Amino acid sequence: MKNKEKILIIGAGGHSKSCLEVIFLQNKYEVVGFTDNKIKKLEKLKVLGSDRDIHKMKSISQNLLIGMGNIKDINLRWTIFKRAKKLKFKFPKILSPNSFISKSSKISEGTIIMNHCIINSNVEIGKNTIINNKTLIEHDVKIGNNSHIATGAILNGGVKIGNNVFIGSGAIIKENISIASNSIVGMGSIVLKDLKGGIFYNKL
């Protein structure tokens, strides 16, 4: 059997636990450990240094996944991604075999598609983005870089999401709506018109 490539996960919090499960299911990579500023161990795997130590990790793994999913981590995720790219690390796509991903979709480096998602026809997803469990991304949706579409969110056909956007759990975005970069859509919100930025929370 071919040896698996090694991968290191940045961050050892709750979201990293979920990422670890998807990596195990994908069965392409061997997780060698984590980096974290506070936690010392996760799921019997070692924390090999702080998040600031990634420049020392090249000999351990050429591949990285950023396992930080908190709403407060959006900008930090992108800072770490850009720094690691300059250091010539690779960011593979992590795709759960438990999700449906259309062959006509385009998914960029560093993005994770988690369990029981539907990624439909002609979807485009940018770099370093999280598509969390049970998310529905309908046809012709475009999602930018470094965004997080949280658990159970529904993005209807033709929706356009910018960069550094957080869509909360269970949010529903009407078809053909545009959401500007750096926006936050609260949990359970129903979005019926374009958003030009800031924080949006609305329950009908």
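Above: the structure in question.
Residues numbered from 1 in each chain as written. Predicted model: local features only at pLDDT ≥ 70, side-chain atom pairs only at ≥ 80, totals over all residues. Heavy atoms only, no water.

Peer 1: Teacher, can you tell me more about the overall build of the protein chain here?
Peer 2: Scanning the protein chain for helices and strands turns up two helices and 23 strands. Against the compact-globule benchmark of 17 Å for 204 residues, the protein chain has a radius of gyration of 17 Å, which places it among compact chains. Counting only residues that meet the buried cut, the protein chain has 50% of its 204 residues in that class. Looking at the protein chain alone, contacts between residues at least 24 apart form 29% of all its contacts between residues at least 6 apart. For the protein chain, the exposed surface amounts to about 10,100 Å²; the carbon and sulfur share of it is 52%. Positive and negative side-chain charges of the protein chain, numbering 32 and 14 respectively, have mean locations separated by a distance of 4 Å. (Helix = DSSP H or I, 4+ residues; strand = E, 2+ residues; numbered from the N terminus. Rg over C-alpha atoms; globule rule 2.2 N^0.38 Å. Buried < 20%, exposed > 50% of the residue type's maximum accessible area, 1.4 Å probe, protein only. Contact = heavy atoms within 4.5 Å. Areas by Shrake-Rupley, 256 points an atom, 1.4 Å probe, with all protein chains shown as cover. Lys, Arg positive; Asp, Glu negative; His and termini not counted. Charge placed at Lys NZ, Arg CZ, Asp CG, Glu CD.)

Peer 1: Quick question: what am I supposed to make of the sheet that holds strand β2 (residues 29-35) here?
Peer 2: In sheet architecture, strand pairing relies on hydrogen bonds along the backbone and comes in two forms, parallel and antiparallel. Taken in spatial order, the three strands line up as β2-β1-β5 in an open sheet, and their pairing is parallel. Since the sheet does not close on itself, it has two edges, and those belong to β2 and β5 (63-66), each with one partner. Each neighbouring strand pair of the sheet contributes to a mean axis angle of 30°, computed without reference to strand direction. Across the sheet, helix α1 (residues 14-26) lies against β1 (5-10), β2 and β5, angled at about 165° from β2, the strand it touches most. (Pairing = 2+ DSSP bridges. Axes fitted to C-alpha atoms, helices over the stretch in contact; angles between N-to-C directions.)

Peer 1: Would you mind going over α1 with me for this structure?
Peer 2: Since the α-helix advances by 3.6 residues per turn, residues separated by three or four positions end up pointing in the same direction. Taking 1.5 Å per residue, 13 residues should reach 18 Å; α1 reaches 19 Å between its end C-alpha atoms and fits that length. Here α1 has its buried residues at H15, S16, C19, L20, V22, I23 and Q26. Buried residues of α1 fall within an arc of 165° about the axis and therefore sit on the same side. Where α1 terminates, the next one or two residues include N27, which has phi positive at roughly 60°. (Expected span 1.5 Å × (residues − 1). Arc of directions from axis to C-beta.)

Peer 1: Explain the sheet that holds strand β11 (residues 124-125) to me, please; I cannot follow it from the model alone.
Peer 2: Strand order in the open sheet formed by five strands is β8-β11-β14-β17-β20, and the pairing between neighbours is parallel. Lying at the two open borders of the sheet, with one neighbouring strand each, are β8 (106-107) and β20 (178-179).

Peer 1: Even after reading the chapter, I still don't get the nonpolar core, so can you show me in this structure?
Peer 2: Inside soluble globular proteins, nonpolar side chains tend to come together where they are buried. Core analysis: the largest hydrophobic core is formed by 25 residues, its most contacted members being L155 and I167. Those residues within four positions of I167 in sequence are excluded, and the remaining contacts are H148, I149, A150, A153, I161, I173, I179 and V185. Counting residues in hydrophobic clusters, the runner-up holds 18 residues, among them C19, Y29, V31 and L65. (Core = buried A, V, L, I, M, F, W, Y, C linked by side-chain atoms within 4.5 Å.)

Peer 1: Can you walk me through the environment of S147 in this structure?
Peer 2: Mapped onto the secondary structure, S147 falls in the loop between β14 (142-143) and β15 (148-149). Each C-alpha atom of the pair S147 and I74 lies 7.2 Å from the other, and the pair is 73 residues apart in sequence. The contact partners of S147, leaving out residues within four places of it in the chain, are N128, T129, I130, I161, G162, N163, N164 and V165.

Peer 1: Would you explain the pairing of β2 in this entry?
Peer 2: For a regular strand, side-chain orientation follows a simple rule: the groups alternate between the two sheet faces. Of all seven residues that make up β2, six are buried, and the element is covered over most of its length. Here β1 runs beside β2; their pairing, made up of six bridges, is parallel. Along β2, the bridge assignment pairs I9 with F34. The parallel pair β1 and β2 is bridged by α1, and the resulting crossover is right-handed. (Right-handed = clockwise from strand over helix to strand, strands pointing away.)

Peer 1: I keep staring at helix α2 (residues 74-86) and nothing clicks. Help me out?
Peer 2: Between its first and last C-alpha, α2 extends 19 Å over 13 residues, near the 18 Å set by a 1.5 Å rise per residue. Of all the residues in α2, the buried ones are I74, R77, I80, F81 and A84. When α2 is viewed along its axis, its buried side chains cluster within an angular range of 125° and face the same direction. Of the residues in α2, the exposed ones pointing more than 90 degrees away from the buried face are N75 and K86. Contact partners of the buried residues in α2: β1, β5, β12 (130-131) and β15. The first or second residue beyond α2 is K88, which carries a positive phi of 70°.

Function-wise, these values are silent; they only describe arrangement.
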